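# Residue-level structural notes
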Number of protein chains: 2
Amino acid sequence: MREVPANILESISIDCVIFGFDGQGLKILLIRRKYEPSEGAWALPGGFIKRDENLDDAAKRILKDLTGAHDIYMEQVHAFGAVNRYPLRRVITISYYALVKPEHFSLIAGADADRVDWFSVKEMPELPFDHHSILEYALQKLRYKVRSQPVGFELLPKKFSLTELQSLYEAILGEELDKRNFRKKILKMKLLVDLKEKQQSVAHRAATLYQFDSKNYAIMQEKGVVFDL
Amino acid sequence: MREVPANILESISIDCVIFGFDGQGLKILLIRRKYEPSEGAWALPGGFIKRDENLDDAAKRILKDLTGAHDIYMEQVHAFGAVNRYPLRRVITISYYALVKPEHFSLIAGADADRVDWFSVKEMPELPFDHHSILEYALQKLRYKVRSQPVGFELLPKKFSLTELQSLYEAILGEELDKRNFRKKILKMKLLVDLKEKQQSVAHRAATLYQFDSKNYAIMQEKGVVFDL
């Protein structure tokens, strides 16, 4: 436990919920806390806001200091302010989230973290404070988002099979989707370009490859509300 | 300008964006500020959070103290934290919003407000601080919401015509909608029950009355993502 420096706002913090998709499952970026409270616990990367720092800048700085990850576009999610959520004093925290490719980032623990790592959201350590609720809230937002507009496609290889696309959706939604139904719906959206090309050197039957129709993708992202998976 | 009491968190406030629909246009609830900074200006109802108060409770208490309006379900929108947004010191504000029927509430100015009133969003006084951005952000959220799921229907009379429903949508979206297109889309959603009944004692040609199919409405609200007006 350390003293609160004078240049920070002692009653407002930021917590970052960084989801990763590595082609397999949904991951979450956690740090191990170097100081009390909850020293030694794996937790969301979080910290206090400086007096001369805007919120988005604070989120970026905190994430970078603790994990080494930078150049991540994070979106603000929600403020959490239950009276006793933090043990030392009243602290309201504002959460941010992002969905990234884990292999794009070199992780370096720093500041109040002595370790940093990706965990499967299915096999996570117990999180301190209200971090579980903060994570759950961001996950609900992400799920709502992938159901209502095309997101996360940046996480796939440039050419991908419908099975790979379905894996991304299943990882985020945390449920299996009916293959036939998924294909029907996704193809109907006119978001995909059939490359008339097959996968190379795969053990199973080679699947057809697709890429995104980036023009339609941009239109649909702007419009919102297009999916209903 | 008054001293900051010891029982409040001096660097976190809440601002309430209360929209009203009275059958005509979209309104916004404003208070006139009794104290500096910006004494005498019409502004969003806002105030500081008490140390022993959760965020949602603070929002309700602040709204009630300033305007008399209570029993309004408000949803958290966004935290605003530009370094210089508040002139006296660093304050981060968390916005809440709601959409109500103005005639349901008796307004009584209190606490830091000496007046309270509804204003048309089209003819508003200039707002202090970053209140214009806070309002605009909430309005975008409301617009996104009415485009993606059935909301705001509680603001109509129990039996209503399609013209009344269209007025609600046009007021919120701030644009005229094509009548034929609107009717086609709205009827396709199977949200409305044709009451086989006409309007009574109206000057113009009596229109058919509808009511909501509350079962389908509940299902669609839960599911989200159904509209595309």
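Residues numbered from 1 in each chain as written. Chains lettered and ligands numbered in written order. Predicted model: local features only at pLDDT ≥ 70, side-chain atom pairs only at ≥ 80, totals over all residues. Heavy atoms only, no water.

## What about the overall build of chain A?
Across its full length, chain A carries 5 helices and 9 strands. Mapped from its N terminus to its C terminus, chain A presents α and β elements in the order β-β-β-β-α-β-β-β-α-α-α-β-β-α. Viewed in the frame of its principal axes, chain A has a C-alpha envelope of about 60 × 35 × 25 Å. Counted over contacts in chain A with a minimum sequence separation of 6, partners at least 24 positions apart contribute 68%. (Helix = DSSP H or I, 4+ residues; strand = E, 2+ residues; numbered from the N terminus. Contact = heavy atoms within 4.5 Å.)

## A look at the relation of the copies chain A and chain B
Rotating chain A by 180° and translating it 0.0 Å along the rotation axis places it on chain B, where the RMSD comes to 0.0 Å. Look at the turn and shift together and you get a two-fold axis relating the two. Comparing interface residues between copies, 100% of those in chain A also lie at the interface in chain B; the contact surface is shared. (Least-squares fit on C-alpha atoms with pLDDT ≥ 70 in both.)

## Focus on the nonpolar core
Residues Ile18 of chain A together with Ile18 of chain B are the most contacted members of the largest nonpolar core, which totals 54 residues. Each residue touching Ile18 of chain A, except ones within four places of it in the same chain, is listed here: Lys27, Ile28, Leu29, Leu63, Ile72, Met74, Ala98, Val100 and Trp118 of chain A. (Core = buried A, V, L, I, M, F, W, Y, C linked by side-chain atoms within 4.5 Å. Buried < 20%, exposed > 50% of the residue type's maximum accessible area, 1.4 Å probe, protein only.)

## Quick look at a positive patch on the surface
On the surface, a cluster of positive charge is made up of Arg180, Lys184, Lys185 and Lys188 of chain A. Looking at where Lys184 of chain A falls in the secondary structure, it is placed in helix α4 (residues 179-188). (Patch = residues over 30% accessible without salt bridge, like charges linked within 9 Å, V, L, I, M, F, W, Y side chains within 5 Å. Areas by Shrake-Rupley, 256 points an atom, 1.4 Å probe, with all protein chains shown as cover. Salt bridge = Lys/Arg side-chain N within 4 Å of Asp/Glu carboxyl O. Lys, Arg positive; Asp, Glu negative; His and termini not counted. Charge placed at Lys NZ, Arg CZ, Asp CG, Glu CD.)

## Some details on the side chain of Asp15 of chain A
Residues and elements named next belong to chain A. Here Asp15 shows up in strand β1 (residues 8-21). Of the residues examined, Asp15 reaches a relative accessible area of 4% and is grouped as buried. If near-sequence neighbours (up to four positions away) are discounted, Asp15 is found in contact with Leu44, Pro45, Gly46, Arg85, Thr93, Ile94, Ser95, Tyr96, His131 and Ile134.

## Examining the interface of chain A and chain B
On the side of chain B, 28 residues touch chain A, which itself brings 28 residues to the contact. Remark: the boundary between chain A and chain B carries 0 salt bridges. Looking at the side of chain A that touches chain B, the elements that each hand over two or more residues are β1, β4 (46-50), β5 (75-80), β6 (92-100) and α2 (131-148) of chain A. The element that contributes the greatest number of residues to the side of chain A that touches chain B is β5 of chain A, accounting for 4 residues. Of the residues contributing to the side of chain A that touches chain B, the split by class is 13 nonpolar, 7 polar and 8 charged. (Nonpolar A, V, L, I, M, F, W, Y, C, P; charged D, E, K, R; others polar.)

## Brief notes about the domain arrangement of chain A
Residue and element names in this part refer to chain A. Domain annotation of chain A identifies domain 1 (8-134) and domain 2 (148-223). Placing the centre of domain 1 and that of domain 2 at their C-alpha centroids yields a distance of 30 Å. Domain 1 puts 7 residues into the contact, and the matching count from domain 2 is 8 residues. Taking both partners together, domain 1 and domain 2 bury about 620 Å²; carbon and sulfur atoms supply 78% of that area. Counting the contacts that link domain 1 with domain 2 gives 0 salt bridges. At the junction of domain 1 and domain 2, the tally comes to 0 residue pairs in polar contact (both at pLDDT 80 or more). Of the residues in the side of domain 1 that touches domain 2, the class split is 4 nonpolar, 2 polar and 1 charged. (Domains from an automatic or database assignment. Buried area = accessible area lost by both parts, 1.4 Å probe. Polar contact = N/O pair within 3.5 Å; in protein donor to acceptor, adjacent residues only side chain to side chain.)

## Things to note about the pairing of strand β1 (residues 8-21) of chain B
Residues and elements named next belong to chain B. For β1, the tally of buried residues reaches 13 of 14 residues, placing the bulk of the element in the interior. Here β1 runs beside strand β4 (residues 46-50); their pairing, made up of 4 bridges, is antiparallel. Directly across from Asp15, in β4, lies its bridge partner Gly46. Relative to strand β6 (residues 92-100), β1 runs parallel, the two being bridged by 9 bridges. The partner of Gly20 across the bridge, within β6, is Val100. (Pairing = 2+ DSSP bridges.)

## Overview of the packing of helix α2 (residues 131-148) of chain B against helix α3 (residues 162-173) of chain B
Residues and elements named next belong to chain B. Interaxial distance between α2 and α3 falls to 9 Å at its minimum, and their mutual angle equals 145°. Crossing angle aside, the handedness with which α2 passes α3 is left-handed. Two secondary-structure elements touch here, α2 through Leu139, Leu142, Arg143, Val146 and Arg147 and α3 through Tyr169, Ile172 and Leu173. By residue class, the composition of the contact of α2 with α3 is 6 nonpolar, no polar and 2 charged. (Axes fitted to C-alpha atoms, helices over the stretch in contact; angles between N-to-C directions. Left-handed = near helix turned anticlockwise from the far one by under 90°.)

## Overview of α2 of chain A
The terminal C-alpha atoms of α2 of chain A, which comprises 18 residues, lie 26 Å apart, in line with the 26 Å expected from a rise of 1.5 Å per residue. Along α2 of chain A, the residues classified as buried are His131, Ile134, Leu135, Ala138, Leu139, Leu142, Lys145, Val146 and Ser148 of chain A. (Expected span 1.5 Å × (residues − 1).)

## Overview of the environment of His104 of chain B
All names here are of chain B. For His104, the location among the structural elements is in the loop between β6 and β7 (113-120). Here His104 falls in the exposed class, since its relative accessible area comes to 56%. Once the C-alpha coordinates of His104 and Gly20 are considered, the two residues, 84 residues apart in sequence, prove to be 10.0 Å apart.

## Notes on the pattern of salt bridges
Residue and element names in this part refer to chain A. A complete count under the given rule lists 20 salt bridges over all chains for this structure. A salt bridge links Arg61 to Asp65; its shortest N-O distance comes to 4.0 Å. Taken together, the residues span about one helical turn, with Arg61 and Asp65 both in helix α1 (residues 55-67) at a distance of 4 residues. In this structure Asp65 comes out as partly exposed when scored by relative accessible area, which is 37%. Here the residues in one salt-bridge network are Asp15, Arg85 and Asp130, joined through shared partners.

## Brief notes about unusual backbone geometry
Of the consecutive residues Glu36 of chain A and Pro37 of chain A, the connecting peptide bond is found in the cis state with omega at -5°. Here Pro37 of chain A is to be found in the loop between β2 (26-33) and β3 (42-43). The backbone of Ser38 of chain B shows a phi angle near 60°, a positive value even though the residue is not glycine. For Ser38 of chain B, the location among the structural elements is in the loop between β2 (26-33) and β3 (42-43). One non-glycine residue, Phe129 of chain B, lies in positive phi territory at about 55°. As for its position among the elements, Phe129 of chain B is in the loop between β7 and α2.

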